[in-house]
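So the chains spell out like this:
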Amino acid sequence: MKLIILIAILVSGTLICTAEAGENLPLYNLSVSFDISKNIVKGVSTITLPENGEMNISTGNLGITSVKLNGLPVSPEIKDGIFTVNGTSTLEIFFDGTFGDVNGSGNPGNAGVVSNDIISEEGISLTGTWYPRIEGRAYYRLKALLPKDFTAISEADEITAVDTPHGREFSFNFPYPLSGVNLAAGRYMVQKETFHGIDIYMYFFPGEVSRDIIGYLENVSRAKTYVEYTKKYIGMYEELIGPYPYRRF
């Protein structure tokens, strides 16, 4: 399987209005790591709810190993993949999930295009309920620990990476509220250009250059074509509606 990440999915998550001044939104800290050979993600969600009220937490097919509310263990009733919390609180959810490529291809009818959540040696594409999701918008912080030869992408204004004894840890800065976050990762070649102060990144699979030099050169050429069209459309829409409001594309 050749996994091609649909960057539009990641970029579209940023094309929302920022919160109005004074809007009191939850703060969602998400930290995840992966056992790629077993198609497993493990993580901790720490959600700070700033206001009294009721919030539903969607867990989908995730395994919930433990939950703490304001530091104390609780056993929420999960019904149809959802449980509810009330009041101003800090909620910690320890979870895991398995997202294997059961068909041997992300989309057998259109090889190379990912249509479901996948964790595999070929790459990672997570856009659904791959972590406990909450209703509405929140301010997110995301950290992801990955193998050292993987590069990660999300709809962040800034991505930083540090090497640790256990792998490479990526931190994602989202300075604007979102309704959720996505994550993609793989053994990418990365190219970067800057246009009107915007960093334009290209992520693509290089292939095994020594065996497929033609495919490699085609990928490089295709990436340059994409970035030229990106510049064209950013310039066009900036003239129509104003400056692009984010630092990355």
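Residues numbered from 1 in each chain as written. Predicted model: local features only at pLDDT ≥ 70, side-chain atom pairs only at ≥ 80, totals over all residues. Heavy atoms only, no water.

Engineer: Pulling in residues and values, what's your account of the sheet that holds strand β15 (residues 183-186)?
Structural biologist: A sheet is described by the order of its strands in space; here 4 strands give the open sequence β8-β9-β15-β12, paired in antiparallel fashion. Edge strands, defined here as strands with exactly one partner in the open sheet, are β8 (118-120) and β12 (151-153). Averaged over all neighbouring strand pairs, the angle between strand axes comes to 15°, with direction disregarded. As paired elements, strand β9 (residues 123-126) and β15 share 3 bridges and run antiparallel to each other. (Pairing = 2+ DSSP bridges. Helix = DSSP H or I, 4+ residues; strand = E, 2+ residues; numbered from the N terminus. Axes fitted to C-alpha atoms, helices over the stretch in contact; angles between N-to-C directions.)

Engineer: Could you give an account of the sheet that holds strand β6 (residues 82-86), with specific residues and numbers?
Structural biologist: With antiparallel pairing, the 3 strands of this open sheet are ordered in space as β6-β3-β10. This sheet does not close on itself; its edge strands, each paired only once, are β6 and β10 (133-134). As judged from the 5 bridges shared by strand β3 (residues 54-58) and β6, these two strands associate in the antiparallel manner. Residue pairing in the sheet places Asn 56 in a bridge with Thr 84 of β6.

Engineer: Mind laying out the nonpolar core, listing which residues take part and the relevant values?
Structural biologist: Phe 34, Trp 130 and Phe 172 are the most contacted members of the largest nonpolar core, which totals 55 residues. Considering each element in turn, this core owes the most residues, 5 residues, to strand β17 (residues 198-204). In this view, Phe 172 contacts Arg 141, Leu 142, Ala 144, Ala 152, Ile 153, Ser 154, Ala 156, Glu 158, Ile 159 and Leu 183; residues no more than four positions away in its chain are not counted. (Core = buried A, V, L, I, M, F, W, Y, C linked by side-chain atoms within 4.5 Å. Buried < 20%, exposed > 50% of the residue type's maximum accessible area, 1.4 Å probe, protein only. Contact = heavy atoms within 4.5 Å.)

Engineer: Give a description of unusual backbone geometry that names residues and reports values.
Structural biologist: Positioned with a positive phi, Asn 70 is a non-glycine residue whose angle comes to about 55°. Along the chain, Asn 70 falls in the loop between β4 (63-69) and β5 (72-74). The phi dihedral of Asp 80 is positive, around 55°, even though this residue is not glycine. Along the chain, Asp 80 falls in the loop between β5 and β6. Its relative accessible area of 74% is what places Asp 80 among the exposed residues.

Engineer: Describe the packing of aromatic side chains, listing the residues and the values that go with them.
Structural biologist: One pass over the structure, following the stated rule, counts 11 aromatic pairs. Between the aromatic rings of Tyr 176 and Tyr 246, the centroid separation amounts to 4.9 Å while the plane-to-plane angle is 70°, which identifies the pairing as edge-to-face. Remark: Tyr 246 occurs in the segment after α2 (213-241) and Tyr 176 occurs in the loop between β14 (167-173) and β15; sequence separation between them is 70 residues. Here Tyr 246 falls in the buried class, since its relative accessible area comes to 7%. Here the aromatic residues Tyr 28, Trp 130, Tyr 131 and Tyr 140 are joined through ring pairs into a cluster of three or more. One residue, Arg 248, lies across the ring of Tyr 201, its end atom 4.0 Å from the ring centre. (Phe/Tyr/Trp six-rings, centres within 6.5 Å; stacked < 30°, edge-to-face > 60°. Lys NZ or Arg CZ within 6 Å of the ring centre and 35° of its normal.)

Engineer: Run through the pairing of strand β13 (residues 158-164), naming residues and quoting values.
Structural biologist: Taken together, the 7 bridges between β13 and β14 define a ladder with antiparallel strand orientation. From the neighbouring strand, Ala 161 faces β14, where its bridge partner is Phe 170. Hairpin connection of β13 to β14: 2 residues between the antiparallel strands.

Engineer: I'd like to hear about the pattern of salt bridges, residue by residue, with values.
Structural biologist: Side chains that carry opposite charge are capable of pairing whenever their charged atoms lie near each other. Applying the stated criterion across every chain yields a total of 7 salt bridges. The shortest N-O distance in the salt bridge between Arg 247 and Glu 158 comes to 3.9 Å. Here Arg 247 is found in the segment after α2, whereas its partner Glu 158 is found in strand β13, with 89 residues between them in sequence. Arg 247 sits in the partly exposed class, given a relative accessible area of 46%. In this structure, Asp 199 engages Lys 192 in a salt bridge whose closest nitrogen and oxygen atoms are separated by 3.8 Å. Among the ionic contacts, a cluster of salt bridges with common partners joins Glu 121, Asp 149 and Arg 187. (Salt bridge = Lys/Arg side-chain N within 4 Å of Asp/Glu carboxyl O.)

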